[in-house]
Amino acid sequence: MKRIVIGMAAAMSLFATGAMAADLAARPYVKAPVMVDPVWSWTGFYVGANGGYSWGRSRTDVSYFNSATGAAIAPPAGSITNASFDMNGGIAGGQAGYNWQNANWVFGIEGDLQWSGEKGGATYSCFTVTIAGGACLPGLTAAPAGLATATTLTIDQHLQWFGTVRGRVGILATPKVLFYGTGGLAFGEIKTTGTMTGFTPAGVAIASVGSNSTTRAGWTAGVGVEGKITQNWSAKLEYLYMDLGNFSSGPFTLAPLSTVSANVSSRFTDHILRAGINYQFGGPVVARY
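What counts and how
- Residues numbered from 1 in each chain as written.
- Predicted model: local features only at pLDDT ≥ 70, side-chain atom pairs only at ≥ 80, totals over all residues.
- Heavy atoms only, no water.
- Helix = DSSP H or I, 4+ residues; strand = E, 2+ residues; numbered from the N terminus.
- Buried < 20%, exposed > 50% of the residue type's maximum accessible area, 1.4 Å probe, protein only.
- Contact = heavy atoms within 4.5 Å.
- Polar contact = N/O pair within 3.5 Å; in protein donor to acceptor, adjacent residues only side chain to side chain.
- Core = buried A, V, L, I, M, F, W, Y, C linked by side-chain atoms within 4.5 Å.
- 1 Å grid on protein atoms, 1.4 Å probe; cavity = no way out; pocket = protein on both sides within 12 Å on 5 of 7 lines; lining within 4 Å.
- Points joined across faces, edges and corners; volume = space filled by probe spheres on them.
- Nonpolar A, V, L, I, M, F, W, Y, C, P; charged D, E, K, R; others polar.
- Pairing = 2+ DSSP bridges.
- Salt bridge = Lys/Arg side-chain N within 4 Å of Asp/Glu carboxyl O.

Glancing now at the overall build of the protein chain. The number of helices and strands found in the protein chain is one helix and nine strands. Mapped from its N terminus to its C terminus, the protein chain presents α and β elements in the order α-β-β-β-β-β-β-β-β-β. For the protein chain, the proportion of its 289 residues judged to be buried stands at 36%. Contacts spanning at least 24 positions in sequence make up 74% of the contacts within the protein chain whose residues lie at least 6 apart.

With an omega of 0°, the peptide bond between G250 and P251 qualifies as cis. Within the fold, P251 resides in strand β8 (residues 233-253). A positive phi angle, near 60°, is found at A103, a position not held by glycine. Topologically, A103 is positioned in the loop between β3 (82-102) and β4 (105-126).

Attention now moves to the environment of T152. Inspection of the secondary structure assignment puts T152 in strand β5 (residues 151-174). Residue class for T152 comes out buried when judged on its relative accessible area of 18%. In sequence terms T152 and M196 are 44 residues apart; their C-alpha atoms lie 5.7 Å from each other. Apart from the residues within four sequence positions on either side, T152 is in contact with T123, Y124, S125, T195, M196 and T197. Polar side-chain contacts of T152 include one of 2.4 Å to the side chain of T197.

Y64, L153, L159, M242 and F268 are the most contacted members of the largest nonpolar core, which has 28 residues in total. What L153 contacts, discounting residues up to four positions off in sequence, is V62, Y64, A122, T123, Y124, G194, T195, M196, F252, A262 and V264. Counting residues in hydrophobic clusters, the runner-up holds five residues, among them W42, V106, L172 and Y180.

Turning our eyes to something else, we now look at empty space enclosed by the protein. This model, assessed by the stated rule, comprises one cavity of 30 Å³ or more. Considered as a void within the structure, the largest cavity measures approximately 50 Å³ in volume. Lining of the largest cavity is provided by W42, Y46, N99, E226, K228, N232, S234, N278, Y279 and Q280. Secondary-structure elements contributing two or more residues to the lining of the largest cavity are β7 (205-228) and β9 (260-280). Partitioning the lining of the largest cavity into residue classes produces three nonpolar, five polar and two charged.

We now examine the environment of T174. By secondary structure assignment, the location of T174 is in strand β5. Judged by its relative accessible area of 37%, T174 is partly exposed. Expressed as a C-alpha distance, the spacing of T174 and N104, which sit 70 residues apart in the sequence, is 8.4 Å.

Attention now moves to the pairing of β8. Bridging between β7 and β8 involves ten bridges; their strand directions are antiparallel. Residue pairing for β8: V225 is matched across the bridge by L237. Counting the residues that bridge the hairpin from β7 to β8 gives four residues. Note: β8 against β9, 18 bridges, orientation antiparallel.

With that settled, consider the side chain of E226. Structurally, the position occupied by E226 is in strand β7. By relative accessible area, which is 3% here, E226 ends up buried. Among the polar contacts listed, one links the side chain of E226 to the side chain of S234, at a separation of 2.6 Å. Apart from the residues within four sequence positions on either side, E226 is in contact with W42, R168, K176, V177, L178, Y180, S234, A235, K236 and N278.

A separate point is the pattern of salt bridges. Inspection of the entire model under this criterion finds ten salt bridges. With its nearest N and O atoms 3.3 Å apart, the salt bridge here joins R274 to D112. Of the two residues, R274 is situated in strand β9 and D112 in strand β4; the sequence distance between them amounts to 162 residues. Taken as a pair, R274 and D112 share a single burial class, namely buried. R267 is paired through a salt bridge with D243; the nearest N and O atoms lie 2.4 Å apart. Here D243 lies in strand β8 and R267 lies in strand β9, a separation of 24 residues in the sequence. What makes R267 partly exposed here is its relative accessible area of 37%.

In structure tokens:
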């Protein structure tokens, strides 16, 4: 009897264990965690700083006139009334912009402001060579006998600052390296200083200095390469050609001791090479599976 009771208890225990096991849900299959591979994103706002050097060129013409009557003065043969001179110097500034990335293409807009140390100048002369002396206009100014130069005008120009607002279109050579083209509006301020020297009808040497500044708008275009250092930091090297167009300066005059005056007409172009660094704010991180 005892053996029967023990057997029945064992059977009931096995039955209960099986029933409980049957009630338990099957263990679900769990996929291994996804390995996230960050993709370099170029989308977002950025700010930065840059520095470099510029090779500018001013093509400047001088025209003379009588400040008392306004009549044009035709310089004698041999006078120097036009010249081109270099305006080279260092530059430094900052930039800000926004990029949109679409696959391997990057589109953006960027603006910058630059300090400029670009300066240059040339000397122009209005003269004739005679034994009795020279005159830019007979009866107005005359050099003493034996001197060739009756009137000279030294022009010094300085591009004080400039800026650009440009579009950018680029293609990614690798996820971290961007080659781009850029172009748009350029503007800047050029200061022109004129130092005029001459002689009174009595043969007395006189001189005067004047200056004025003008802000010009033009265009710019160029190319560049930019590379990611980290997701947020990048470095770039950029070349721009800039044309600020034509502008006038003056008048520069020897009045009231003389009535010879001069107006100046210039055209300024520039070649800019600069390196910079940018900080990009945020930007999405994309998972690649």
